[in-house]
Amino acid sequence: MEFTAEIVAFLLAIAFVAGTIDAMAGGGGLLTIPALMAAGVPPVAAIATNKLQSAFGTASACIAYWRGGHLDLRRFAMPAAGAFLGSAAGAFTVQHVDPGFLTAFVPVLLILMAIYFLLAPPMGEMDRHARLGPVGLTAVSAVLGFYDGFFGPGAGSFLTTMMVALAGLGLVRAIANAKFLNFATNVAGLLAMIAGGKVLWMLGLGMAASNIVGNQIGARLAMRFGGRGVRPLLVLMSVALTVKLLSDPANPIWAWLPH
């Protein structure tokens, strides 16, 4: 596909903004996937190209959080492996099953997540008692990984919620280690899309460069301001993603409501 200079510049700018938001709260795909499709990229190729740029950006955020001392690679290596395998299974399954039915349930999950962050007690930087051990966290990570490979929107925010609610992490460390797991799901999904020949390489790599810069800025903002800036953004992105999904008249949830 060929794109004008204006469209390329627009997509690079969107990738930068998405990277900044994604490093702080997740949900960057809410911006990049619609932008790619608006530029004329077919849906599957848009998802594949988004996986490419997001994988680079998430890796960049992981490095920033690791340098800041917020990443615990040893503790979350097993959950990351579970997330990788789950995402690979989801990416394989989506090629054979219509994922449309999931769109009815995702808005409900996102609203519940927004309510959790609104009503939960203030989250400090100190870790608390974990509700699940390594095996339990790996199982949940595999399920969320499957979701990311199969469908995707909100996966980074769901992983952050898991880190806070089940792993007992403070908010910034939760975001940092959620990025580690999200990187694993992105790589697995990207490999599946590469195998299917769906990635637009030149465009995706250009967007990746912008996304890396955005992720670096977002990670530094999260580490500097902590929950004061990140928690409201998590709520905002959850609500924004819900509105985006419910604005689609084809969402199956509308067929279930009384007319």
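Bear in mind the structure is a predicted one, so any value in this text is a computation, not a measurement. (Residues numbered from 1 in each chain as written. Predicted model: local features only at pLDDT ≥ 70, side-chain atom pairs only at ≥ 80, totals over all residues. Heavy atoms only, no water.)

**Student:** Report on the environment of Ala80, specifying residues and quantitative values.
**Tutor:** Inspection of the secondary structure assignment puts Ala80 in helix α4 (residues 77-93). Ala80 sits in the buried class, given a relative accessible area of 6%. Beyond its immediate chain neighbours, meaning those up to four positions away, Ala80 contacts Phe180, Leu181 and Ala184. (Helix = DSSP H or I, 4+ residues; strand = E, 2+ residues; numbered from the N terminus. Buried < 20%, exposed > 50% of the residue type's maximum accessible area, 1.4 Å probe, protein only. Contact = heavy atoms within 4.5 Å.)

**Student:** How would you explain helix α9 (residues 201-225) if you had to name every residue and give the values?
**Tutor:** Counted at 1.5 Å a residue, the expected span for α9 with its 25 residues is 36 Å, and the 35 Å between its end C-alpha atoms agrees. Where α9 is concerned, the buried positions are Leu203, Gly204, Met207, Ala208, Ser210, Asn211, Gly214, Asn215, Gln216, Gly218, Ala219 and Ala222. (Expected span 1.5 Å × (residues − 1).)

**Student:** Which residues make up the packing of aromatic side chains, and what values do they have?
**Tutor:** Applying the stated rule across the entire model yields one aromatic pair. Here Tyr147 and Phe158 contribute two aromatic rings whose centre-to-centre distance is 5.6 Å and whose plane-to-plane angle is 65°, an arrangement assigned as edge-to-face. Here Tyr147 is found in helix α6 (residues 134-150), whereas its partner Phe158 is found in helix α7 (residues 155-165), with 11 residues between them in sequence. In terms of burial, Tyr147 and Phe158 fall into one category: buried. (Phe/Tyr/Trp six-rings, centres within 6.5 Å; stacked < 30°, edge-to-face > 60°.)

**Student:** Go over the nonpolar core, please, and point to the residues and values.
**Tutor:** Judged by nonpolar contacts, the single largest core of 34 residues is most densely connected at Tyr65, Phe76, Met163, Phe180 and Leu181. Looking at this core, the elements that each hand over two or more residues are α1 (5-25), α3 (43-67), α4, α6, α7, α8 (171-195) and α9. No other element matches α8, which puts nine residues into this core. With residues up to four places along the chain from it excluded, the contact list for Phe76 reads Leu137, Met163, Ala167, Leu169, Asn177, Phe180 and Leu181. Leu11, Ile14, Ala39 and Met207 belong to the second-largest nonpolar core, a separate cluster that totals 12 residues. (Core = buried A, V, L, I, M, F, W, Y, C linked by side-chain atoms within 4.5 Å.)

**Student:** Got a sec to walk through the packing of α4 against α6? Specific residues and values, please.
**Tutor:** Running from amino to carboxyl end, α4 crosses α6 at an angle of 30°, the nearest separation of the two axes being 6 Å. By the criterion of interaxial angle, the relationship of α4 to α6 is roughly parallel. Where α4 crosses over α6, the two elements pack in a sense that is right-handed. Between α4, through Met78, Pro79, Gly82, Ala83, Gly86, Ser87, Ala89, Gly90, Ala91 and Thr93, and α6, the contact on the second element is made entirely by Pro134, Leu137, Thr138, Ser141, Ala142, Gly145, Phe146, Gly149 and Phe150. Here the residues of the contact of α4 with α6 are counted per class, giving 10 nonpolar, nine polar and no charged. (Axes fitted to C-alpha atoms, helices over the stretch in contact; angles between N-to-C directions. Parallel < 35°, antiparallel > 145°, perpendicular 65-115°, else oblique. Left-handed = near helix turned anticlockwise from the far one by under 90°. Nonpolar A, V, L, I, M, F, W, Y, C, P; charged D, E, K, R; others polar.)

**Student:** Requested: an account of the side chain of Lys51, with residues and values cited.
**Tutor:** Mapping Lys51 onto the fold places it in helix α3. By relative accessible area, which is 8% here, Lys51 ends up buried. Side-chain polar atoms of Lys51 contact the side chain of Asp148, separated by 3.3 Å. Residues contacting Lys51, with those up to four places away along its chain left out, are Asp148, Thr185, Asn186 and Leu190. (Polar contact = N/O pair within 3.5 Å; in protein donor to acceptor, adjacent residues only side chain to side chain.)

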